[in-house]
Structure formats: structure tokens, C-alpha cells
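Given next are the chains, with one letter for each unit.
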Amino acid sequence: MTMQRFIIEMGTGNDLHGQDYTKAARRAIEDAIRHSSIPLFGALDLPHDTMEVRVTVAVQNPDAVDCAALATGLPRGRVSVTAVHGGLDVTNPDTGEITVIATAAVEAFLPPQTGWTSNA
């Protein structure tokens, strides 16, 4: 079944001292969803498990991201998390310490509803 995206939120997060890519990605995801509220489910009497949530996080070392742990942190829907190359590693020239900066896109999809139209 073709799903229709009905929301996309973007966020950024960082780990200042631990060079923890998962921590920075988690903060980016939290930033993306922090101001979201989706009253659509109550209005249409839809169960939250109808929603598919696709998260993409971008960091300089995607293999260092625990995508399964990040997926458990999202409150609703069937969640998948993918880590890709992006974000920033910023080196402190005085100490050599690396600050990890992550970006995230959180997309939510639903099956087409009666009366919805698609632009595809």
C-alpha cells in the first residue's frame, strides 16, 4: 500500500564532549518532535499504530549510531531509523576534542484516507 507523508519535522542536536553520535542524533530527533502535536488521530479516530514514522539522522560517522536504540525513543507509530553521512564534527583547535553535530528529519506517513488526494 502506498503511504502518504503528512508531516516532516527537522532538528539538530549535538554532543559537546563525549563524541557520542547516538547521543547527538537522539537530541536532533527530540528537537524535531519537541513542538509537534498531531490531533489528526483523535479527529479521524485512527489508532497511532496506523502511522509509519521514518527517521533519517545525519552524522559524520553513521556506523557509530545505534538506530535501534533511537527507534525506541519515539512515542508513537511504527518507527524506522536510518543513519546517513552528514552533520558535522568540529574540532577544538586548543584541545583536539571533537564536538559532534547531528541533523534529523522525522517523517510521518499514513495510508491514503477517503477524500485525500495525492500530488504524486
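1. Remarks on the overall build of the protein
Scanning the protein from N- to C-terminus turns up three helices and five strands. Overall, the protein shows an N-to-C arrangement of helices and strands of β-α-α-β-α-β-β-β. Across its three principal axes, the protein shows a C-alpha extent of roughly 60 × 25 × 20 Å. By the burial criterion, 34% of the 120 residues in the protein qualify as buried. Relative to all contacts within the protein whose residues are 6 or more apart in sequence, the contacts with residues 24 or more apart total 76%. Accessible area for the protein stands at about 7,100 Å²; split by element, carbon and sulfur atoms hold 50% of it. Side chains of the protein carry 8 positive and 14 negative charges; the gap between the two charge centres is 6 Å.

2. Describing the nonpolar core
Membership of the largest hydrophobic core comes to 25 residues, with the highest contact counts inside it found for Ile-29, Val-55, Val-57, Val-65 and Val-106. Looking at this core, the elements that each hand over two or more residues are α1 (21-33), β2 (52-59), α3 (67-72) and β5 (98-110). Apart from the residues within four sequence positions on either side, Val-57 is in contact with Ala-25, Ile-29, Val-65, Thr-82, Ala-83, Val-84, Thr-103 and Ala-104.

3. Some points on α1
Along an α-helix, a turn takes 3.6 residues, which lines up residues three or four apart on a common side. Relative to the 18 Å expected for 13 residues at 1.5 Å per residue, α1 spans 19 Å between its end C-alpha atoms, a close match to the ideal helical length. Tucked inside the fold, the buried residues of α1 contact β1 (4-15), β2, α3, β4 (88-91) and β5. A distance of 3.0 Å separates the backbone nitrogen of Thr-22 from a side-chain oxygen at the start of α1, and that oxygen is part of Asp-20.

4. Details of the pairing of β4
Both β4 and β5 contribute to a ladder of four bridges, which runs antiparallel. Bridge assignment links Asp-89 to a residue of β5, and that residue is Val-100. Hairpin connection between β4 and β5: a loop of six residues separates the two successive antiparallel strands, and Gly-96 in this loop has a positive phi of roughly 80°.

5. What about the pattern of salt bridges?
With the rule as written, the count across this model stands at four salt bridges. The structure contains a network of salt bridges with shared partners spanning Glu-52, Arg-54 and Arg-78.

6. Some words on the side chain of Glu-52
Its place among the elements puts Glu-52 in strand β2. Reaching out from Glu-52, the side chain makes a polar contact with the side chain of Arg-54 at a distance of 2.5 Å. Those residues in contact with Glu-52 that lie beyond four places of it in its chain are Met-3, Arg-78, Glu-107, Ala-108 and Phe-109.

7. A short note on the environment of Gly-11
Topologically, Gly-11 is positioned in strand β1. Looking at Gly-11, the relative accessible area reads 6%, which means it is buried. On a C-alpha basis, the gap between Gly-11 and Ala-83 in space is 14 Å, while along the polypeptide they are 72 residues apart. Beyond its immediate chain neighbours, meaning those up to four positions away, Gly-11 contacts Ala-28, Asp-31, Ala-32, Ala-102, Thr-103 and Ala-104.

8. So, the packing of aromatic side chains
Tallied over the entire structure, the rule returns zero aromatic pairs. Across from the ring centre of Phe-109, 3.7 Å away, lies the NZ or CZ of Arg-54, which sits over that ring.

Quick notes on the rules
Residues numbered from 1 in each chain as written. Predicted model: local features only at pLDDT ≥ 70, side-chain atom pairs only at ≥ 80, totals over all residues. Heavy atoms only, no water. Helix = DSSP H or I, 4+ residues; strand = E, 2+ residues; numbered from the N terminus. Buried < 20%, exposed > 50% of the residue type's maximum accessible area, 1.4 Å probe, protein only. Contact = heavy atoms within 4.5 Å. Areas by Shrake-Rupley, 256 points an atom, 1.4 Å probe, with all protein chains shown as cover. Lys, Arg positive; Asp, Glu negative; His and termini not counted. Charge placed at Lys NZ, Arg CZ, Asp CG, Glu CD. Core = buried A, V, L, I, M, F, W, Y, C linked by side-chain atoms within 4.5 Å. Expected span 1.5 Å × (residues − 1). Polar contact = N/O pair within 3.5 Å; in protein donor to acceptor, adjacent residues only side chain to side chain. Pairing = 2+ DSSP bridges. Salt bridge = Lys/Arg side-chain N within 4 Å of Asp/Glu carboxyl O. Phe/Tyr/Trp six-rings, centres within 6.5 Å; stacked < 30°, edge-to-face > 60°. Lys NZ or Arg CZ within 6 Å of the ring centre and 35° of its normal.

Coordinates in, geometry out; function isn't part of it.
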